[in-house]
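Coordinates in review
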Amino acid sequence: MNTESKIKDSTTPSIRNIAIIAHVDHGKTTLVDAMFKQSGLFREGSIQEDRLMDSMDLERERGITIAAKNCSIDWKGVKINILDTPGHADFGGEVERALSMVDGAILLVDASEGPLPQTRFVLSKALQNGLPIILVVNKIDRDDARPLQIVDQVYDLLIDLDANEHQLEFPVLFAIGKEGIAKTALEDEGKNLVPLFDAILEVIPPPHYCSSEPFQMLVSDLSYSDYLGRLAIGKVVHGIIKAKDSMVCMGETGKPKPLNVSKIQSYHGPALKEVQSALPGDIIVLAGIEDVHIGDTICTKETPKALKRINVDEPTVSMRFTANNGPYSGREGKYVQSARIRERLEKELLKNVSIRLENAPDGDGFILKGRGEFQMAIIIETMRREGFELCVGRPEVILRQENGKTLEPIEHLFVDCEEIFSGVVTEKLSRRKGRMTGYVNHESGRVRLEFSVPSRALIGYRDEFLTDTRGTGIMNSYLSGYEEYRGDFPGRFTGSLVADRMGESVPYALYNLEPRGNLFITAGVPVYEGMIIGEHNRDNDLDVNPCKEKKLTNMRASGKDDAVVLTPIVPLTLERAIQFIRDDEMVEVTPASIRLRKRILKAQDRKVSGKKK
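Residues numbered from 1 in each chain as written. Predicted model: local features only at pLDDT ≥ 70, side-chain atom pairs only at ≥ 80, totals over all residues. Heavy atoms only, no water.

**Things to note about the overall build of the chain**
How we decide: Put simply, DSSP H or I for four residues or longer makes a helix, DSSP E for two residues or longer makes a strand, and each gets a number counted from the N terminus. Exposed residues in this analysis have more than 50% of their type's maximum accessible area, buried residues have under 20%, and partly exposed residues fall in between, with area computed by a 1.4 Å probe over protein chains only. Should any heavy atoms of two residues lie within 4.5 Å, those residues are considered in contact. For the area figures, the Shrake-Rupley method with a 1.4 Å probe applies, and any residue is considered shielded solely by the protein chains shown.
Scanning the chain for helices and strands turns up 15 helices and 37 strands. The burial tally for the chain puts 53% of its 613 residues in the buried class. Nonlocal contacts in the chain, meaning residues at least 24 apart in sequence, comprise 72% of its contacts between residues at least 6 apart. On the chain, roughly 28,800 Å² of surface is accessible, and the fraction owed to carbon and sulfur atoms is 48%.

**Some details on the packing of helix 8 (residues 338-351) against helix 9 (residues 373-385)**
Where we set the bar: Note on geometry: axes are C-alpha line fits, over the in-contact stretch for helices, and angles between N-to-C directions span 0 to 180 degrees. Convention used here: angles under 35 degrees read as roughly parallel, angles over 145 as roughly antiparallel, angles from 65 to 115 as roughly perpendicular, and any remaining angle as oblique. In this scheme the handedness of a crossing depends on how the near helix is turned from the far one: anticlockwise by less than a right angle means left-handed, clockwise means right-handed. Amino acids are sorted into nonpolar (Ala, Val, Leu, Ile, Met, Phe, Trp, Tyr, Cys and Pro), charged (Asp, Glu, Lys and Arg) and polar (every other residue, Gly among them).
Between helix 8 and helix 9, the shortest axis-to-axis distance is 12 Å and the interhelical angle comes to 125 degrees. In terms of orientation, helix 8 and helix 9 fall into the oblique class. In the packing of helix 8 onto helix 9, the handedness of the crossing is right-handed. From helix 8, Ile341, Arg344, Leu345 and Glu348 reach across to helix 9, where they touch Ile379, Thr382 and Met383. Here the residues of the contact of helix 8 with helix 9 are counted per class, giving four nonpolar, one polar and two charged.

**Considerations on unusual backbone geometry**
Positive phi is not limited to glycine here, since Asn403 has a value of about 50 degrees. With respect to the secondary-structure elements, Asn403 resides in the loop between strand 25 (400-402) and strand 26 (405-418). A positive phi is found at Arg470, a non-glycine position, where the angle reads about 55 degrees. Of note, Arg470 is situated in the loop between helix 12 (462-468) and strand 29 (474-484).

**Regarding the pairing of strand 37 (residues 594-598)**
Successive residues of a regular strand alternate their side chains across the two faces of the sheet. Condition: Only when DSSP finds a minimum of two bridges between them are two strands counted as paired.
Extensive coverage of strand 37 is indicated by the burial of five of its five residues. Covered by surrounding structure in strand 37 are Ile594, Leu596 and Lys598 together with Arg595 and Arg597, the residues of both alternating faces. Bridging between strand 34 (residues 531-536) and strand 37 involves two bridges; their strand directions are antiparallel. Among the inter-strand pairings, Ile532 is bridged to a residue of strand 37, identified as Leu596. Bridge count between strand 36 (residues 585-589) and strand 37: five bridges; the pairing is antiparallel. The residue of strand 37 that forms the bridge with Glu585 is Lys598. Here strand 36 hands over to strand 37 after four residues, the two strands then running antiparallel side by side.

**Brief notes about helix 5 (residues 147-160)**
To keep it simple, the criterion reads: A helix's residues, less one, multiplied by 1.5 Å, set its expected span. What the arc measures is the spread of directions leading from the helix axis to the C-beta atoms.
Helix length check: helix 5, at 14 residues, gives a terminal C-alpha distance of 20 Å against a target of 20 Å (1.5 Å per residue), a fit within 8%. Those residues of helix 5 that sit buried are Pro147, Ile150, Val151, Val154, Leu157 and Leu158. In a view along the axis of helix 5, the buried residues occupy a sector of 120 degrees, so they form one face of it. Opposite the packed face of helix 5, turned more than 90 degrees from it, sit the exposed residues Leu148, Asp156 and Ile159.

**Focus on the environment of Glu588**
What counts, and what does not: Polar contacts, as counted here, are pairs of nitrogen or oxygen atoms within 3.5 Å of one another; within protein the pair requires one atom able to donate a hydrogen and one able to accept it, and residues that are adjacent in sequence qualify only if both atoms are side-chain atoms.
On the secondary structure map, Glu588 appears in strand 36. Considering only alpha carbons, one finds Glu588 and Lys598, ten residues apart in sequence, at a separation of 9.8 Å. The contacts of Glu588, once residues within four sequence positions are left out, are Asn324, Leu390, Cys391, Tyr528, Ser593, Ile594, Arg595 and Arg597. Looking at Glu588, its side chain comes within polar contact range of the side chain of Asn324, at 3.2 Å.

**A few points about the side chain of Ser505**
Relative to the assigned elements, Ser505 resides in the loop between strand 31 (503-504) and helix 13 (507-513). Of the polar contacts made by the side chain of Ser505, one reaches the backbone oxygen of Thr522; its length is 2.8 Å. Contact partners of Ser505, with chain neighbours within four places excluded, come to Leu510, Ile521, Thr522, Ala523, Gly524, Val525 and Pro546.

**Side note on the sheet that holds strand 10 (residues 216-225)**
Ordered in space as 14-13-19-10-11-18-15-16, the eight strands form an open sheet in which the pairing is antiparallel. The two strands at the open ends of the sheet, each matched to only one other strand, are strand 14 (256-260) and strand 16 (271-275). Between one strand axis and the next, the sheet turns through 40 degrees on average, direction left out of account. Examined bridge by bridge, strand 10 and strand 19 (residues 297-300) share three bridges and lie antiparallel to one another. Within strand 19, the position partnered with Leu218 by the bridge is Thr297.

**Side note on a nonpolar patch on the surface**
Formally: Patch building starts from residues that exceed 30% relative accessible area and form no salt bridge, then joins like charges within 9 Å and nonpolar side chains (Val, Leu, Ile, Met, Phe, Trp, Tyr) within 5 Å. Any carboxyl oxygen of Asp or Glu within 4 Å of a side-chain nitrogen of Lys or Arg constitutes a salt bridge here.
Taken together, the side chains of Tyr508, Tyr511 and Val564 make up a nonpolar region of the molecular surface, amounting to roughly 260 Å² of accessible area. Mapping Tyr511 onto the fold places it in helix 13.

**What to know about the nonpolar core**
Considering soluble globular proteins, one finds that nonpolar side chains tend to be buried as a cluster. This is how it is decided: Side-chain atoms within 4.5 Å link the members of a nonpolar core, which is a set of buried Ala, Val, Leu, Ile, Met, Phe, Trp, Tyr and Cys residues.
Counting residues in each nonpolar core, the largest one holds 39 residues, and the members touching the most others are Leu107, Leu123, Leu135, Val137 and Val154. Not counting chain neighbours up to four residues away, the residues in contact with Leu123 comprise Ile21, Leu107, Ile133, Leu157, Leu158 and Leu161. Among the nonpolar cores identified, the runner-up in size contains 30 residues, and Phe321, Tyr335, Ile355 and Ile578 belong to it.

**Considering the pattern of salt bridges**
A complete count under the given rule lists 35 salt bridges for this structure. The partner of Asp103 in a salt bridge is Lys235, and the shortest N-O contact between them spans 3.0 Å. With a gap of 132 residues between them, Asp103 in the loop between helix 3 (92-99) and strand 5 (104-110) and Lys235 in strand 11 (residues 229-238) connect regions that are remote in the sequence. Neither Asp103 nor Lys235 differs from the other in exposure class; each is buried. The salt bridge partner of Arg456 is Glu408, with a shortest N-O separation of 2.4 Å. You can see Arg456 sitting in helix 11 (residues 455-458) and its partner Glu408 sitting in strand 26, a full 48 residues away along the chain. For the residue pair Arg456 and Glu408, the accessibility class agrees, reading buried in each case. Salt bridges linked by common partners bring Asp541, Arg582, Asp584, Glu585 and Lys598 together as one network.

Following this line, the structure appears as structure tokens:
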């Protein structure tokens, strides 16, 4: 039975639940820091870290939000629960479950860049949920700020996303997040964030609930505590819960599973605080629940009713994960077994609603499906930091079959680059079955291009794009839907330099290989047969010997030998490695190293396999 109460006759005026929507690097986390400080959360004189909501190491290093996180502040006796949502479309699953807990959203937009593609993706989800919007134009102190034009762009975007009349009547605030200032008009003298706090209380409605309904909570997130075990996080939709209450969990099967709530926690700032009961509309954390999944409903034993489950978009990209079977397997990682890798990926499934896990059809490893290669890279990077050692294959788009036709995911791509590079960008994307849909020249030396391109065209293109635009281009995209397969196109136009033996690379050999292409390794690096040590200038693979030393004789040369000076290499990052490889290649990931290799290591075996194909 999957029903939901339709008549909501009561509200909880002491609570507001909001999400903050913004593109990457538009100042979302900095603004939340200022909200913490000005709401009186910290005592005067206490030393606080910046970017409190970026709690993961990867978030702090990259300066982006990866996981949606909860916090709260108090203002004029009202508790404001804030959900910090990721700004990247690859983490759309985080966005969808976060929006299931809120009643409104703050749209934060850079005063110069305006609403960008990732903003559009998250905003469309909020509008579909019928959420009211507060627009905050941030960074108005920038030299190139154009706040009034940005407001017009946001209006156009909302109309384009089919916002209703109520959503179009949004209040506009102008802010400098790092200084903790917000104001309702540009000419006003901003002093603090009071206008923003007051707008939240006025515009965002309090949570509605049905007073006659028993307790119901939709599980929107999961966590784990070494002391309390599995934690279920969600919004109380109806009713009141108290500690030690006997409840049931309604999963996908619809069968109630009994459970006892051992502890109830609520957000106080970025931390959790134990409470004895919770009101309708509050966001709480329940402990003592073991067998629970995102989308489940926790309700009373007497009247078990399931709420509508969280719906997320289907995955668009898949990657193969296998145990490392190379010669150096087990030297650098703590967890190398295939069973441990699967166990870790299954654990990821519990917290991430947008990914799927399947056994590989040929029995070699597992297929992980997700929203994009960046999401996959974050999962792999997290695993390697935990001590896992594994191999991953090239990302592949997931095709659909409908009415006898093959459909593929299509991206709406936005490119911002200098005008002189627009020709090479257009040529490269046209070669990859891209179609230009827009061209805007602001007469500032830079142009904005829009393309409709297959998702598979962007895999491996980012590095090429940065090279073509001399590192000055900006590229963003979001999934626009599925279209009929546009046909094949060539991928990488270069081959690989493949080591033909095990050993240690030496300067003399590498110096003589430099004319053959770009190298990925330096001298003194352990190599093995089948390991890719560089990119070949031509389109074929080339087996090379990076361990070859100079032949020494007892004959003196007439003068000094030339000193071997190697060209510095660009360190191989995980994202660059994933984008570089071909279908017959893999990335070997360990806590200490990132190596590229052929799936079939021995050169002779590769030749035999090639002939069979």
